[in-house]
Amino acid sequence: MTNPEKQDHGAGMIRQEPELSPISLLEAIRRHGRVWGDLAAQYGVTNPDPPWKVNLEATCDALSAEACALPLLERRAEEDELSASLYSDVPFPERQLLALAHSMIIRGLVDEEELGRRMKEIYRRLTSV
Amino acid sequence: MSDKHSKDEHGHRPPAPMVDEVSDFEVLEMAVRELAIEKGLFSAEDHRRWTEYVHTLGPLPAARLVAKAWLDPEYKKLAVTDGVKASLDVGVDWINSPPTNFGTPSDYCNLRVLEDTPKVKHVVVCTLCSCYPRPILGQSPEWYRTPNYRRRLVRWPRQVLAEFGLQLPPDVDIRVADSNQKTRYIVLPVRPAGTEGWTEDQLAEIVTRDCLIGVAVPKPGVTANAKRPVHPAVHPVQHGH
């Protein structure tokens, strides 16, 4: 959903308001996914950040810097809005990841169904031995 | 415990504990990344380059810059007049470093070093998003990213600093520096009493990340950041209004 008053930012840029409707795939992860704080406590790990956080940061940087598919300022603004609403009960950096996936889905950069399929494939891969 | 008991049957020390479980979040991160690469939003090589860059980031270069400035008045002059040039001495090249070799879109190449005095205290924020001097200070802490900190610090800096445990006398001026895409800041705090004769290494240890943001001041014996509570903003975030 776009607001026509905010579409023209020059140079063909279109500013979208984030779609705040829940996305079922991400909602399921929000509800059932185990966050790093819980896993670290259960397994006695002291690292404050999940190992995937570095990859997440690199993905955010690359999305902004390389083809400018998702500019930093837009992503951060949407992360703020989503962190205060849909993902307010999710700790950081998990909510940063959910907000990134949310921003990519509503822009059509990835499709919710294909993301779900890919997650199943990756899960099978990671648990196959 | 004897060495015999501290080693496993292969003669190695037991490994550090690890999470033996695949989480949905771990899988989601991988899926987003793989699809982005397949769709050409960035390449695998791009991602590898950025990952290496993120791995190199941390607060040590900024701590080292402050320690050097405390020990060398000429270097201190350089730091406060040309932070980019002074950064070279602590291994940070804002202009020619990877991954882009011309700064990054979010870490552009104008670093300013804000010198505190006994009567002036600086503190850094980014009211727009979470701009931060990553090349010299690493990744921003969670609280720095929150709208709560960003909005309230510029309105009530003295009170917010007090919440961080930094009670400043009324005759100390507080100056808030608002970061942006081109300009990033670190604070050069006043060297604390009790550090006379210390080496650069010793001094660098007490210059924590929070001291460099300006929400704490260095103290002998304090070498870690305090855990900060993260508060939600009361009012909804409405960017673009």
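Everything quoted here is computed from the prediction, not taken from an experiment.

Novice: How should I be thinking about the overall build of chain B in this particular structure?
Specialist: Summing up its helical and strand segments, chain B has 12 helices and four strands in all. Per-residue burial over chain B gives 37% buried out of 241 residues. In chain B, the share of contacts with a sequence separation of at least 24, taken over all contacts with a separation of at least 6, comes to 70%.

Novice: I would appreciate a short explanation of the pairing of strand 4 (residues 183–188) of chain B in the present structure.
Specialist: As a general feature of sheets, a regular strand has side chains that alternate between the two faces. All names here are of chain B. Counting buried positions along strand 4 yields five of six residues, so the element is predominantly enclosed. Sheet analysis places strand 1 (residues 110–115) next to strand 4, joined by six bridges and oriented parallel. Following the sheet pairing, Val 113 is matched in strand 4 by Ile 186.

Novice: Sorry if this is basic, but what is going on with the environment of Arg 75 of chain A here?
Specialist: Residue and element names in this part refer to chain A. Counting through the fold element by element, Arg 75 comes out in helix 4 (residues 72–83). On the basis of neighbour counts, which here come to 21 C-beta atoms within 10 Å, the residue Arg 75 falls in the buried class. With 29 residues separating them along the chain, Arg 75 and Met 104 place their C-alpha atoms 9.2 Å apart. With residues near it in sequence (within four places) discarded, Arg 75 still touches Cys 60, Leu 70, Leu 100 and Ser 103.

Novice: Teacher, can you tell me more about the interface of chain A and chain B here?
Specialist: At the interface, 51 residues of chain A touch 43 residues of chain B. Those elements that place two or more of their residues in the side of chain A that touches chain B are helix 1 (24–32), helix 2 (36–43), helix 3 (53–65), helix 4, helix 5 (94–106) and helix 6 (112–126) of chain A. Ranked by the residues each element gives to the side of chain A that touches chain B, the list is headed by helix 3 of chain A, at 11 residues. Classifying every residue of the side of chain A that touches chain B by side-chain character gives 31 nonpolar, eight polar and 12 charged.

Novice: Whenever I open this one, the domain arrangement of chain B confuses me. Can you help?
Specialist: A common way to report how large an interface is uses the accessible area buried once the components associate. When cut into domains, chain B gives domain 1 (18–56) and domain 2 (58–213). Distance from the C-alpha centre of domain 1 of chain B to the C-alpha centre of domain 2 of chain B: 30 Å.

Novice: Which parts of the structure should I look at to understand the environment of Arg 155 of chain B?
Specialist: Residues and elements named next belong to chain B. Structurally, Arg 155 can be placed in helix 9 (residues 147–155). You can call Arg 155 exposed: it has 9 C-beta atoms within 10 Å. Placed 21 residues apart in sequence, Arg 155 and Val 176 show a C-alpha to C-alpha distance of 9.7 Å.

Novice: Help me understand the nonpolar core in this model?
Specialist: Nonpolar side chains in soluble globular proteins tend to end up buried together. Among the nonpolar cores identified, the biggest contains 42 residues, and Ala 62, Val 66, Val 123, Ile 186, Val 187, Val 207 and Leu 212 of chain B are the most heavily contacted of them. The element that contributes the greatest number of residues to this core is helix 4 (residues 60–71) of chain B, accounting for seven residues. Here Val 187 of chain B is in contact with Leu 114, Asp 116, His 122, Val 123, Val 124, Cys 211, Leu 212, Ile 213 and Gly 214 of chain B, once residues within four sequence places are set aside. Cys 60, Leu 86, Leu 97 and Ala 99 of chain A belong to the second largest nonpolar core, which has 34 residues in total.

Novice: What exactly am I supposed to notice about the packing of helix 4 of chain B against helix 5 (residues 73–81) of chain B here?
Specialist: Relative orientation and spacing of two packed helices are given, respectively, by the angle between their axes and the distance between those axes. Residue and element names in this part refer to chain B. One can describe the packing of helix 4 onto helix 5 by two numbers: an axis separation of 6 Å at closest approach and a directional angle of 130°. Of the possible angle classes, the one that applies to helix 4 and helix 5 is oblique. Relative to helix 5, the crossing made by helix 4 is left-handed. Between helix 4 and helix 5, the contacting residues are Leu 65, Lys 68 and Ala 69 on the first element and Tyr 75, Lys 76 and Ala 79 on the second.

Novice: Would you take a moment to explain the confidence of the model for chain B for this structure?
Specialist: Caution applies to low-pLDDT parts of the model: their predicted coordinates are not meant to be read in detail. Residue and element names in this part refer to chain B. Of the residues in chain B, 88% reach a pLDDT of 70 or more, and the chain-wide mean stands at 89. Low pLDDT (under 50) marks residues 1–6, which in the prediction has two contacts with non-local residues, meaning those over four places away or in another chain. For this predicted complex, the interface confidence comes out at an ipTM of 0.87, alongside a pTM of 0.82.

Novice: Help me out: how do you make sense of unusual backbone geometry in this one?
Specialist: Peptide bonds are trans in most cases, and residues, glycine excluded, mostly fall at negative phi. In this chain, Phe 92 of chain A is followed by Pro 93 of chain A through a cis amide linkage whose omega measures 5°. Mapped onto the elements, Pro 93 of chain A comes out in the loop between helix 4 and helix 5.

Novice: Would you explain the packing of helix 6 of chain A against helix 2 (residues 24–38) of chain B in this entry?
Specialist: It is the contact of helix 6 of chain A with helix 2 of chain B, at a shortest axis distance of 9 Å, that shows an interaxial angle of 115°. Judged by the sense of rotation from one axis to the other, the crossing of helix 6 of chain A with helix 2 of chain B is right-handed. Counting all contacts with helix 6 of chain A, which are made through Glu 114, Leu 115, Arg 118, Met 119, Ile 122 and Tyr 123 of chain A, the residues of helix 2 of chain B involved are Val 27, Leu 28, Met 30, Ala 31, Glu 34 and Leu 35 of chain B. In terms of residue class, the contact of helix 6 of chain A with helix 2 of chain B is built from nine nonpolar, no polar and three charged.

Rules used in this analysis
Residues numbered from 1 in each chain as written. Chains lettered and ligands numbered in written order. Predicted model: local features only at pLDDT ≥ 70, side-chain atom pairs only at ≥ 80, totals over all residues. Helix = DSSP H or I, 4+ residues; strand = E, 2+ residues; numbered from the N terminus. Buried ≥ 20, exposed ≤ 12 C-beta atoms within 10 Å, placed from the backbone. Contact = placed C-beta atoms within 7 Å. Pairing = 2+ DSSP bridges. Nonpolar A, V, L, I, M, F, W, Y, C, P; charged D, E, K, R; others polar. Domains from an automatic or database assignment. Core = buried A, V, L, I, M, F, W, Y, C linked by C-beta atoms within 7 Å. Axes fitted to C-alpha atoms, helices over the stretch in contact; angles between N-to-C directions. Parallel < 35°, antiparallel > 145°, perpendicular 65-115°, else oblique. Left-handed = near helix turned anticlockwise from the far one by under 90°. pLDDT = per-residue confidence, 0-100.

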